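Observations on the model geometry
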Amino acid sequence: MNSSPPNDRRPTLGFIGAGRVAKALSTAAAHAGYEVTAVASRNAGTAQALAAQFPQCNAIAADDARGVNAVFDHADLVFLTVPDDALASCAATLSPADNQALVHCSGASEVELLRPAAKHGAHIGGFHPLFLFAGLADDATRMAGSAITVEADPALATTLRVLASAIGCRPLEIPAGERMRYHAGANYAASFLLCLLEEATELWRAIGMPENDAKEAMWPLVMGTLNAARERGLSGALAGPVSRGDAGIVTRHTEALASMGGNHATLYSLLTLRAIRLARQRPNADDAALDAIARAIAPYVPPVSPVAPKDTP
């Protein structure tokens, strides 16, 4: 990749790994006018199936270092879309040239894992879509509107931001070394949201509500909440007893949940702490009422572990 590529020169794209992320990104990029010129996978059939979606795209059997490096014979910008635990070992076998780039699509792994592949001067970076790839045929179109976090040197970052915008996504920057907190935050917005819905379903099952009815009943509530949050912000969309300053209801909630055993009351109370913080951001927040709620949940909140002191030189 040139340090200052001409505006009309888009890099050719290659993919190492042919799973859900590669399928969606390659399809979206092709629809945006990019050439997908190589797909490599340990499963030759998988590589062939994806490569067949694009004109003059090479399918490469990546069963050894020589095979996987063949992707660089055909592509300027190569996306490493293998599982996180294979990133470092795979990168150690790769040898892109100094005018090429290798980019991983992991939210959790640091870009520095790719450093061994930069021994000949290639650019390295991260390109992580904040999107749940479900393996559906329309993932590439549903991804439009998502954010994509970019981490790279200035020249490569510009190329990646242009690509993100071209496929209808919004590029965001992420500082080096901060991927763990970034990825943990993404986990709250995705998988942990599902965990909270499962908790709601479990509570409703406990009172005899059929599971299918419980899950169907929650969707209008969930979608209404998300729509309100998008329109009015998180604190503006807050509803329920914390938003009203109703310590009595919160007390009765925790008592009912504690009677079930397990950690239901603890989970509720920890989330209530976050709700209190949101409620304090609202104009004319009733701090006295929110303090009363904090006292009501205190018996169910585990003690906070102190932050370990940093070593001093």
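Residues numbered from 1 in each chain as written. Predicted model: local features only at pLDDT ≥ 70, side-chain atom pairs only at ≥ 80, totals over all residues. Heavy atoms only, no water.

Points about the layout of surface pockets
If you add up the space inside the second largest pocket, you get close to 300 Å³. Ile 16, Arg 42, Ala 62, Val 82 and Cys 90 are the residues nearest the centre of the second largest pocket, which is lined by 15 residues in total. Every element with two or more residues in the lining of the second largest pocket is listed here: strand E2 (36-41), helix H3 (65-69) and helix H4 (84-91). Of the residues that constitute the lining of the second largest pocket, the class distribution is nine nonpolar, three polar and three charged. (1 Å grid on protein atoms, 1.4 Å probe; cavity = no way out; pocket = protein on both sides within 12 Å on 5 of 7 lines; lining within 4 Å. Points joined across faces, edges and corners; volume = space filled by probe spheres on them. Helix = DSSP H or I, 4+ residues; strand = E, 2+ residues; numbered from the N terminus. Nonpolar A, V, L, I, M, F, W, Y, C, P; charged D, E, K, R; others polar.)

Comments concerning a nonpolar patch on the surface
Nonpolar side chains collect at one region of the surface, where Leu 196, Leu 267 and Leu 271 lie side by side and expose about 210 Å² of accessible area between them. Along the polypeptide, Leu 267 turns up in helix H12 (residues 264-280). When its relative accessible area of 31% is taken as the criterion, Leu 267 is described as partly exposed. (Patch = residues over 30% accessible without salt bridge, like charges linked within 9 Å, V, L, I, M, F, W, Y side chains within 5 Å. Areas by Shrake-Rupley, 256 points an atom, 1.4 Å probe, with all protein chains shown as cover. Salt bridge = Lys/Arg side-chain N within 4 Å of Asp/Glu carboxyl O. Buried < 20%, exposed > 50% of the residue type's maximum accessible area, 1.4 Å probe, protein only.)

With respect to the environment of Trp 219
Considering the arrangement of structural elements, one finds Trp 219 in helix H9 (residues 211-237). Residues Trp 219 and Leu 197 lie 22 residues apart in sequence; the distance between their C-alpha atoms is 9.7 Å. At 3.1 Å, the side chain of Trp 219 and the backbone oxygen of Lys 215 are in polar contact. (Polar contact = N/O pair within 3.5 Å; in protein donor to acceptor, adjacent residues only side chain to side chain.)

Overview of the nonpolar core
Nonpolar side chains in soluble globular proteins tend to end up buried together. If you look at the biggest cluster of nonpolar residues, it comprises 36 residues, and the most contacted ones within it are Val 39, Leu 77, Phe 79, Phe 127, Met 143, Leu 160 and Ile 167. Listing elements by their share of this core, those giving two or more residues are strand E1 (13-16), helix H1 (20-31), E2, helix H2 (44-51), strand E4 (77-80), strand E5 (101-104), strand E7 (147-152) and helix H6 (154-166). Membership of the second largest hydrophobic core comes to 22 residues, among which are Leu 80, Ala 91, Leu 94 and Ala 118. (Core = buried A, V, L, I, M, F, W, Y, C linked by side-chain atoms within 4.5 Å.)

So, the packing of helix H8 (residues 191-206) against H12
At a minimum axis distance of 12 Å, the contact between H8 and H12 shows a crossing angle of 130°. In terms of their interaxial angle, H8 and H12 are classed as oblique. The chirality of how H8 crosses H12 is left-handed. Between H8 and H12, the contacting residues are Leu 196, Glu 199, Glu 202 and Leu 203 on the first element and His 264, Leu 267 and Leu 271 on the second. (Axes fitted to C-alpha atoms, helices over the stretch in contact; angles between N-to-C directions. Parallel < 35°, antiparallel > 145°, perpendicular 65-115°, else oblique. Left-handed = near helix turned anticlockwise from the far one by under 90°. Contact = heavy atoms within 4.5 Å.)

Some words on the packing of aromatic side chains
Tallying each qualifying case throughout the model produces four aromatic pairs. On the numbers, 5.0 Å between centres and 80° between planes, the contact of Phe 131 with Phe 133 is edge-to-face. You can call Phe 131 buried: its relative accessible area is 18%. Among the aromatic residues, ring-to-ring pairing joins Phe 15, Phe 79 and Phe 127 into one connected group. (Phe/Tyr/Trp six-rings, centres within 6.5 Å; stacked < 30°, edge-to-face > 60°.)

Looking at helix H13 (residues 287-297)
Within the span of H13, buried status applies to Ala 289, Leu 290, Ile 293, Ala 296 and Ile 297. For H13, the buried positions fall inside an angular range of 110° around the axis, keeping them on one side. The exposed set on the far side of H13, more than 90 degrees from its buried face, consists of Ala 288 and Arg 295. Each element contacted by the buried residues of H13 is listed here: helix H10 (241-244), helix H11 (247-258) and H12. (Arc of directions from axis to C-beta.)

Considerations on the side chain of Arg 179
Mapped onto the elements of the fold, Arg 179 is located in helix H7 (residues 179-189). A relative accessible area of 0% means that Arg 179 is categorised as buried. Ignoring any residue separated from it by four or fewer positions in sequence, one finds Arg 179 in contact with His 104, Ser 106, Gly 107, Ala 108, Ser 109, Glu 110, Val 111, Gly 126, His 128, Glu 151 and Ile 174.

Notes on the sheet that holds E2
Spatial ordering of the open sheet is given by E3-E2-E1-E4-E5-E6-E7-E8, a layout of eight strands whose pairing is mixed. The sheet is open, and its two edges are formed by strand E3 (58-61) and strand E8 (170-173), each paired on a single side. For this sheet, the mean inter-axis angle between neighbouring strands, taken without regard to orientation, is 25°. Here four bridges tie E7 to E8, and the two strands are oriented parallel to one another. Pairing of Ile 148 across the sheet is with Pro 171, part of E8. Where H7 meets the sheet, it contacts E5, strand E6 (123-129) and E7, and its direction lies at approximately 20° from that of E6. (Pairing = 2+ DSSP bridges.)

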